[in-house]
Amino acid sequence: MSLNWRTIPAQLGVFNVNCKGLACLLVFTVSVCGSAPGMCPTACVCASDIVSCTNKNLSRVPGNLYKCMKRLDLSYNRIGALEPEWVPVLFEKLNALIVNHNSISSISTGSFSTIPNLKYLDLSSNSLKTLGGPVFQELRALEVLLLYNNQIAQIDSSAFGGLYKLQKLYLSYNLLSHFPLDLYTGKYKLTDLVLLDVSFNHIQLMPIQRLSSVPARHLSGIYLHGNPFHCDCMLYSMLIFWYQRHFSSVVDFKNEYTCLLRSDPKGYNKLPLLLDNFLNCSESMVNSSFQAFGFIHDAQVGDRLIVPCDSRISDAGTHFVWVSPDNRLLEPDRETDNFKVFRNGSLEITDAQLEDSGLYSCIAINKKRLLNETIEVRINVSNFTVNRSHTQEAFNTAFTTLAACVASIILVLLYLYLTPCPCQCKAKRRKRKQNQSSVHSSILNSTPPRELPADEKKASTVKRVVFLEPVHEPKHGQNGKVKLFPNDNIVAESILKTTRTKSDSDSVNSVFSDTPFMPST
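Just so it is clear, the structure is predicted and the values come from calculations on it, not from any experiment.

A. Expanded view of the overall build of the protein. Scanning the protein from N- to C-terminus turns up 10 helices and 24 strands. Burial statistics for the protein: of 521 residues in total, 34% are counted as buried. Within the protein, counting contacts between residues at least 6 apart in sequence, those at least 24 apart form 61% of the total. Carbon and sulfur atoms form 55% of the exposed surface of the protein, whose accessible area is close to 32000 Å².

B. Structural context of the sheet that holds strand β24 (residues 371-382). Strand order in the open sheet formed by 5 strands is β17-β24-β23-β19-β20, with mixed pairing between adjacent strands. Looking along the sheet, the strands with just one partner apiece sit at the ends: β17 (296-300) and β20 (329-330). Note that strand β19 (residues 318-323) and strand β23 (residues 358-366) share 6 bridges and pair antiparallel. Residue pairing across strands places Thr-318 opposite Asn-366, the latter belonging to β23.

C. Helix α4 (residues 233-244), seen in detail. Between the first and last C-alpha of α4 there are 16 Å, a value that for 12 residues agrees with the 16 Å anticipated at 1.5 Å per step. What α4 keeps buried is the set Leu-235, Tyr-236, Ser-237, Met-238, Leu-239, Ile-240, Phe-241 and Trp-242. Sitting at the head of α4, Asp-232 places a side-chain oxygen 3.0 Å from the backbone nitrogen of Met-234. Just beyond α4, the residue with positive phi is His-246, at close to 60°.

D. Seen up close, the sheet that holds strand β22 (residues 347-349). Pairing is antiparallel in the open sheet, where 3 strands are placed in the order β18-β22-β21. The open sheet has two edge strands with one neighbour each: β18 (305-307) and β21 (339-341). Here the strands of the sheet are splayed against their neighbours by 20° on average, with no regard to which way each runs.

E. Structural context of the nonpolar core. Among the nonpolar cores identified, the biggest contains 95 residues, and Phe-136 and Phe-160 are the most heavily contacted of them. Looking at this core, the element that brings in the most residues is α4, giving 7 residues. Shared between two domains, this core takes at least three residues from each, and those domains are domain 1 (45-288) and domain 2 (294-382). Other than its neighbours up to four places away in sequence, Phe-136 contacts Ile-107, Phe-112, Leu-121, Leu-123, Leu-145, Ala-159, Phe-160, Gly-161 and Leu-163.

F. Broad picture of a nonpolar patch on the surface. The grouping of Leu-402, Val-406, Ile-409, Ile-410, Leu-411, Val-412, Leu-413, Leu-414, Tyr-415, Leu-416, Tyr-417 and Leu-418 at the surface amounts to a nonpolar patch, some 1300 Å² of accessible area in total. The topology assignment puts Leu-411 in helix α7 (residues 384-417). A relative accessible area of 57% means that Leu-411 is categorised as exposed.

G. Examining the side chain of His-230 more closely. Looking at the secondary structure, you find His-230 in strand β14 (residues 229-230). When its relative accessible area of 14% is taken as the criterion, His-230 is described as buried. With sequence-adjacent residues up to four places away left out, His-230 is seen in contact with Gln-204, Leu-205, Leu-235, Cys-259, Leu-260 and Arg-262.

H. View of the state of the cysteines. Summed over the entire model, instances satisfying the criterion amount to 4 disulfides. Each sulfur in the disulfide pair Cys-44 and Cys-53 lies 1.9 Å from the other. On the sign convention where negative means left-handed, the S-S torsion of about 110° between Cys-44 and Cys-53 marks this disulfide as right-handed.

I. Examining unusual backbone geometry more closely. Along the chain, Gly-133 connects to Pro-134 via a cis peptide bond; the corresponding omega equals -15°. Looking at the element boundaries, Pro-134 is found in the loop between β8 (130-131) and β9 (144-146). One non-glycine residue, His-101, lies in the positive phi region at around 55°. With respect to the helices, strands and loops of the structure, His-101 is situated in the loop between β6 (96-98) and β7 (120-122). Although it is not a glycine, Phe-200 sits at a positive phi angle of roughly 55°. Of note, Phe-200 is situated in the loop between β12 (195-197) and α2 (208-211).

J. Expanded view of the packing of aromatic side chains. Per the stated rule, a full pass over the model turns up 7 aromatic pairs. Aromatic side chains Phe-112 and Phe-136 sit 5.7 Å apart centroid to centroid with 20° between the ring planes, which places their arrangement in the stacked category. Taken together, the residues Phe-112 in the loop between β6 and β7 and Phe-136 in the loop between β8 and β9 connect sequence positions 24 residues apart. Each of the two residues, Phe-112 as well as Phe-136, counts as buried. Seen in terms of ring centroids, Tyr-173 and Phe-200 are 4.8 Å apart; in terms of plane orientation they differ by 10°. Their pairing is stacked. Pair noted here: Tyr-173 is in the loop between β11 (168-170) and β12 and Phe-200 is in the loop between β12 and α2, with a separation of 27 residues, a long-range link. Take Tyr-173: its relative accessible area is 46%, and that puts it in the partly exposed class. Judged by relative accessible area, which is 28%, Phe-200 ranks as partly exposed. An aromatic cluster is built from Phe-112, Phe-136 and Phe-160, whose rings are joined through pairwise contacts.

K. How the structure looks around the pattern of salt bridges. Counted by the stated rule, this structure contains 6 salt bridges. Asp-337 is the partner of Arg-328 in a salt bridge, and the nearest nitrogen-oxygen pair spans 2.6 Å. According to the relative accessible area criterion, Arg-328 is partly exposed, its value standing at 25%. By relative accessible area, Asp-337 is classed as exposed at 65%. For Arg-334, the salt bridge identified is with Glu-331, shortest N-O distance 2.8 Å. Classification of Glu-331 by relative accessible area gives partly exposed; the value is 22%. One network of salt bridges, with partners in common, ties together Arg-245, Arg-312 and Glu-373.

Calculation rules
- Residues numbered from 1 in each chain as written.
- Predicted model: local features only at pLDDT ≥ 70, side-chain atom pairs only at ≥ 80, totals over all residues.
- Heavy atoms only, no water.
- Helix = DSSP H or I, 4+ residues; strand = E, 2+ residues; numbered from the N terminus.
- Buried < 20%, exposed > 50% of the residue type's maximum accessible area, 1.4 Å probe, protein only.
- Contact = heavy atoms within 4.5 Å.
- Areas by Shrake-Rupley, 256 points an atom, 1.4 Å probe, with all protein chains shown as cover.
- Pairing = 2+ DSSP bridges.
- Expected span 1.5 Å × (residues − 1).
- Polar contact = N/O pair within 3.5 Å; in protein donor to acceptor, adjacent residues only side chain to side chain.
- Axes fitted to C-alpha atoms, helices over the stretch in contact; angles between N-to-C directions.
- Core = buried A, V, L, I, M, F, W, Y, C linked by side-chain atoms within 4.5 Å.
- Domains from an automatic or database assignment.
- Patch = residues over 30% accessible without salt bridge, like charges linked within 9 Å, V, L, I, M, F, W, Y side chains within 5 Å.
- Salt bridge = Lys/Arg side-chain N within 4 Å of Asp/Glu carboxyl O.
- Disulfide = S-S within 2.5 Å.
- Phe/Tyr/Trp six-rings, centres within 6.5 Å; stacked < 30°, edge-to-face > 60°.

Spelled out as structure tokens, the structure:
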């Protein structure tokens, strides 16, 4: 095989070259890179456009390197801070820079101004603690950024501002306690980000509701395993939803998703979050996650409904078709009844009816990438009038019950605290209490009564004695004793209205005596 190079432009002019094989390649390399200023330092190893200066105790980038290099490896050195002058020469062709396993603790704004065309940057295994913003704004072409195995605990919302082409961001094995939601929402969101690794951090809670608005092509690349999550049904529902959609971030690391009970904050017992539904999360809770992420849609009769096809391969060149519950094929630019499919995959139902309810399938096909994905979406159409009548009836019943309870409580309070009691009522009560106490004292008092006059003594010769009658006839074997009542709980009172004489004590004693009463003659 021979190569015939007619002309090769160089700084020294134009010359003709006729060469074969390896000699031609040597002439080409020398003519292109040899004419440019720079050389291969003795501490580095250079291979064409690759320069390796690993483990050479360097604190900054050497300034006499080849200008044509595309990959520079400075790992295992002692670079401590990235400042504007740490790369002293402009390297326009450099697209990969590796600075892992150094001692980098801070990054200043403008540190990458001399390497603007960088696409791959590795800053892993350093001592970074915070990322202020925007420190990467000069790297407009950056696609992959590695920051794992640092000590990053705080990230400014604008730290990654300007990285419009960033596709992969690795932040695992850091000290993050909050999920970096600003990467997907807000002013500095990264629209091309398809992989975010925040595994093995200190994240305990996830902004599940706000994540529901993030497209699936972004969600499928979020890696969360190894974080000390609190056991929560909402988190479980979201991860189950991702698992059923075959997101590799959950399927490949299913065993790494664990959670901690709130009663065990120190994490002595890590529980598997996806291996078994030990949380006993209800089916409605799991379905609410599907609804929040756009896979269950509710509509009323007559509504206009637009259902997106949230596919992971929704890039340019992807073709979308829908299949209705009755197996009708719905394609773009072909209206079928009240259905219409847009180029971006969204399905429009112009006038929703009850018969439109059911399970719809969206099929995304990318022939160029040889990929396809099927997404199932459930649509529920209900009648607003019927639902409203049932709701109104239930509300009326509940309101009536509540009003009745409140009225009853008010009446009871009025009866207890506001019932009038006249003075004479109180006087009668006081007099009744005094009479009862005098009667009891007259019955139980053993002292002889006072001597009565002669005329009153004649009037009081008639004695009145209370006899206790048994309820049943006495049975054989009771030894003459009479059982008053089966429960033996009877209180007998003897009310003697006439004035007693001295012999009244005998009659009182006869009431409590077992011997028969014998009247005196």
